[in-house]
Amino acid sequence: MEGTQSDQGFQNLKGLIIQHLSLDCHQYKDSYLKRRLAVRMRARGVEGFDNYADLLRVDPIEHDQLMHDLTINVTQFFRDEAVFRVLENDVLPLLIYHKVMDEDQSINIWSAGCSSGEEPYSIAILMKELLGEEFDNFSTKIIASDIDKGVLEKASEGIYLPRQVVNVPKQYLSKYFIFNDGMYQISPDIRDMVQFRNIDLFTSTAGSNFDMILCRNVVIYFTREMQERLYMKFHRSLNSGGYLVMGNTETLLGDAASMFTSIHSRERIYQKTEEFHRSK
Ligand SMILES: C[S@@+](CC[C@H](N)C(=O)[O-])C[C@H]1O[C@@H](n2cnc3c(N)ncnc32)[C@H](O)[C@@H]1O
């Protein structure tokens, strides 16, 4: 009976979160949601989902804190060195080569679940380096989106503590950051390449015509159904031959698995299969 009551309490709390936080938390795995809620309940000294729901109804600060805790924001510049090495030495040069061959000067990249900006800025630095003198002949746009407005503000400022830039290769640190007052600020030329947007991946997308989508370390807490739906959305958002870069522990699921070709399996880099292959 107790279990049933607590399950009802959990379901009610989920309804309240959807209403108050406008976050469709049904799309998170229950086990994940319960763990995060337990952290908040402990922090506020509250026992039981019903009591926590009462607190959430009257305390707007708790809304923000819960939202922040549900959307874990851990990130790094050039996170997973091997992945960025493959992007720098193989995938991005190939992308640029095909753009030159096709006489197409626009390059569109989406960092979905960008947290405080380290991922999109890392990609922007690589694009600037790889395009070199050709940079001005291209329109390189990086859309960086996240559900959490707090991290997006931080990302938009582009100011980082020394410990947050330890992974940035030395030559890029001196070239693309301005050191001021003990902090590192991303340089205006890199900042200008990135547009930040508040997008909930459960309900929305950044549009279409992308040459690459990075969605790394975001979907691990999503239900399987949500992951499958999202990968189909990414497929539609990519240009033919476009790349999908996932987190090291994430796997393509559902119908999308047969609509992408794995090109670097260890680094979880996939390519959208050409249209004519898809009907086979
Ligand atoms: C662990 S960080 C990953 C950051 C970066 N991609 C990386 O790999 O370093 C996960 C990010 O996904 C965001 N996120 C979680 N749920 C989301 C959703 N439904 N829509 C958009 N972003 C979401 C979080 O706010 C968080 O900033």
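Residues numbered from 1 in each chain as written. Predicted model: local features only at pLDDT ≥ 70, side-chain atom pairs only at ≥ 80, totals over all residues.

Engineer: Could you clarify how one ought to interpret the domain arrangement of the protein in this entry?
Structural biologist: Interface extent is often summarised as the accessible area lost during association of the parts. As far as domains go, the protein holds domain 1 (2-70) and domain 2 (81-278). In this structure, domain 1 and domain 2 have C-alpha centres spaced 32 Å apart. When its residues are assigned to classes, the side of domain 1 that touches domain 2 shows 3 nonpolar, 2 polar and 2 charged. (Domains from an automatic or database assignment. Nonpolar A, V, L, I, M, F, W, Y, C, P; charged D, E, K, R; others polar.)

Engineer: Could you clarify how one ought to interpret the site of the ligand in this entry?
Structural biologist: Taken together, 21 residues surround the ligand, and among them Thr71, Thr75, Gly113, Ser115 and Ile147 come closest. Split into classes, the residues belonging to the shell around the ligand amount to 8 nonpolar, 7 polar and 6 charged. (Near = placed C-beta within 6 Å.)

Engineer: Explain the sheet that holds strand β9 (residues 260-264) to me, please; I cannot follow it from the model alone.
Structural biologist: Whenever strands of a sheet pair, they do so through backbone hydrogen bonds, lying parallel or antiparallel. The 7 strands are arranged β6-β2-β1-β7-β8-β10-β9 in an open sheet whose pairing can be described as mixed. On the outer flanks of this sheet lie β6 (194-198) and β9, each paired with one strand and no other. On average, each strand axis in the sheet is tilted by 20° relative to the strand beside it, whichever way the strands run. In this structure, strand β7 (residues 210-215) lies alongside strand β8 (residues 238-246), joined through 5 bridges in parallel fashion. Within β8, the residue paired with Ile213 across the bridge is Leu244. Packing against the sheet, helix α6 (residues 118-131) makes contact with β1 (106-112), β2 (139-146), β6 and β7, and its axis sits at approximately 170° to β2. Strands in contact with helix α7 (residues 149-157) are β2 and β6; relative to β6, the strand with the most contacts, it is inclined by about 165°. (Pairing = 2+ DSSP bridges. Helix = DSSP H or I, 4+ residues; strand = E, 2+ residues; numbered from the N terminus. Axes fitted to C-alpha atoms, helices over the stretch in contact; angles between N-to-C directions. Contact = placed C-beta atoms within 7 Å.)

Engineer: Explain the nonpolar core to me, please; I cannot follow it from the model alone.
Structural biologist: In a soluble, globular protein the nonpolar side chains are often hidden away together inside. Counting residues in hydrophobic clusters, the biggest one holds 57 residues, and the most contacted among them are Ala124, Ile142, Met212, Ile213, Cys215 and Leu244. A total of 6 residues in this core trace back to one element, the largest contributor, which is helix α5 (residues 81-101). For Ile213, the residues in contact, after removing those within four places along its chain, are Trp110, Ala112, Phe234, Ser237, Leu238 and Leu244. Leu13, Ile17, Leu23 and Phe49 belong to the second-largest nonpolar core, a separate cluster that totals 11 residues. (Core = buried A, V, L, I, M, F, W, Y, C linked by C-beta atoms within 7 Å. Buried ≥ 20, exposed ≤ 12 C-beta atoms within 10 Å, placed from the backbone.)

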